[in-house]
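Read off the chains here:
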Amino acid sequence: MEKKVSASVINRLPRYYRYLTDLMESGIERISSKELSERMCVTASQIRQDLNCFGGFGQQGYGYNVKHLHSEIAKILGLDRGYTAVLVGAGNMGRTFAMNTKFESRGFKLIGIFDIDPNKIGKEINGVEVMDYALIRSFIKKYKPKMAILTVPKTAIHAVAEELIGYGIKAFLNFSYTELSAAEDIAVENVHLSDSLMRLSYKILEHE
């Protein structure tokens, strides 16, 4: 992309993609920005401004072709690249994430799960075998996954991330309940479920 697109626009793209997926599954072939705004509770103007950052995709008097827009947003987000990922930590959080996440529809394929617990190693989670973490270096060297999903204790997160960066991992989805930061060429998404609960608590308080 030639021009810099704001983070707020990028943050909204997955939501557009999710709604467009639902529209496709419902058999809806085209939709106007007004109709989409009513579904998403975002102004039609905001939708048009966001999509115009990438060329617009709509036609005056026609709206958006749902399948085409869905495909274009997938390309913008890199979901058509088929990136591969590994998950480190096969405890409750890791298992739940691996069992319930539709990786391939989100542009990723989970190809390996790793843990240090002998009681977990050798078992399968959603068709993927849990392997000994001691083997992760050779696995990454062979299969070259782009991303690691970390569901390890927060006391181990920085050491694990540093090790995996050394093996060639370029992106992290971090569920460790502590902030992970890295060099500019390493992508990091820190997920804090407790923050969502606290924001919800504030919203409840606002309405009391």
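Remember, it's a predicted structure, so these values are computed and weren't measured experimentally.

Looking only at helices and strands, one finds eight helices and nine strands in the protein chain. Taken over the C-alpha atoms alone, the protein chain extends approximately 60 × 50 × 35 Å along its principal axes. Buried positions account for 36% of the 208 residues belonging to the protein chain. Counting only contacts in the protein chain whose residues sit at least 6 apart along the sequence, the fraction spanning at least 24 positions is 56%. Summed over its atoms, the accessible surface of the protein chain is roughly 13,100 Å², and 51% of this surface lies on carbon and sulfur atoms. Seen as two clouds, the 27 positive and the 24 negative side-chain charges of the protein chain have centres 4 Å apart.

It is worth spelling out helix H1 (residues 7–25) at this point. Taking 1.5 Å as the rise per residue, H1 with 19 residues should run 27 Å; its terminal C-alpha atoms sit 28 Å apart, in good agreement. Those residues of H1 that fall on the buried side of the exposure criterion are Val-9, Leu-13, Tyr-16, Tyr-17, Leu-20 and Leu-23. The elements touched by buried residues of H1 are strand S1 (30–31), helix H2 (33–40), helix H3 (44–52) and helix H4 (66–77). Trailing H1 by a residue or two, Gly-27 shows a phi angle of about 80°, which is positive.

With that settled, consider the sheet that holds strand S6 (residues 128–132). Strand order in this open sheet of seven strands is S5-S6-S4-S3-S7-S8-S9, and the pairing throughout is mixed. Since the sheet does not close on itself, it has two edges, and those belong to strand S5 (124–125) and strand S9 (187–190), each with one partner. As judged from the four bridges shared by strand S8 (residues 171–174) and S9, these two strands associate in the parallel manner. When the sheet's bridge partners are listed, Leu-173 is paired in S9 with Glu-189. Strands strand S3 (83–88), strand S4 (108–115) and S6 of the sheet are contacted by helix H6 (residues 136–143), whose axis makes an angle of about 160° with S4. Relative to strand S7 (residues 147–150), helix H7 (residues 157–167) is tilted by about 165°, and along the sheet it contacts S3, S7 and S8.

Let us now look at unusual backbone geometry. Here the phi dihedral of Cys-41 falls at roughly 60°; this positive angle occurs in a residue that is not glycine. Along the chain, the position of Cys-41 falls in the loop between H2 and H3. Of note in this structure, Lys-144 is not a glycine but carries a positive phi near 50°. In this fold, Lys-144 is placed in the loop between H6 and S7. Taking the relative accessible area as the measure of exposure, Lys-144 reaches 59% and is therefore exposed.

Rules used throughout
Residues numbered from 1 in each chain as written. Predicted model: local features only at pLDDT ≥ 70, side-chain atom pairs only at ≥ 80, totals over all residues. Heavy atoms only, no water. Helix = DSSP H or I, 4+ residues; strand = E, 2+ residues; numbered from the N terminus. Buried < 20%, exposed > 50% of the residue type's maximum accessible area, 1.4 Å probe, protein only. Contact = heavy atoms within 4.5 Å. Areas by Shrake-Rupley, 256 points an atom, 1.4 Å probe, with all protein chains shown as cover. Lys, Arg positive; Asp, Glu negative; His and termini not counted. Charge placed at Lys NZ, Arg CZ, Asp CG, Glu CD. Expected span 1.5 Å × (residues − 1). Pairing = 2+ DSSP bridges. Axes fitted to C-alpha atoms, helices over the stretch in contact; angles between N-to-C directions.

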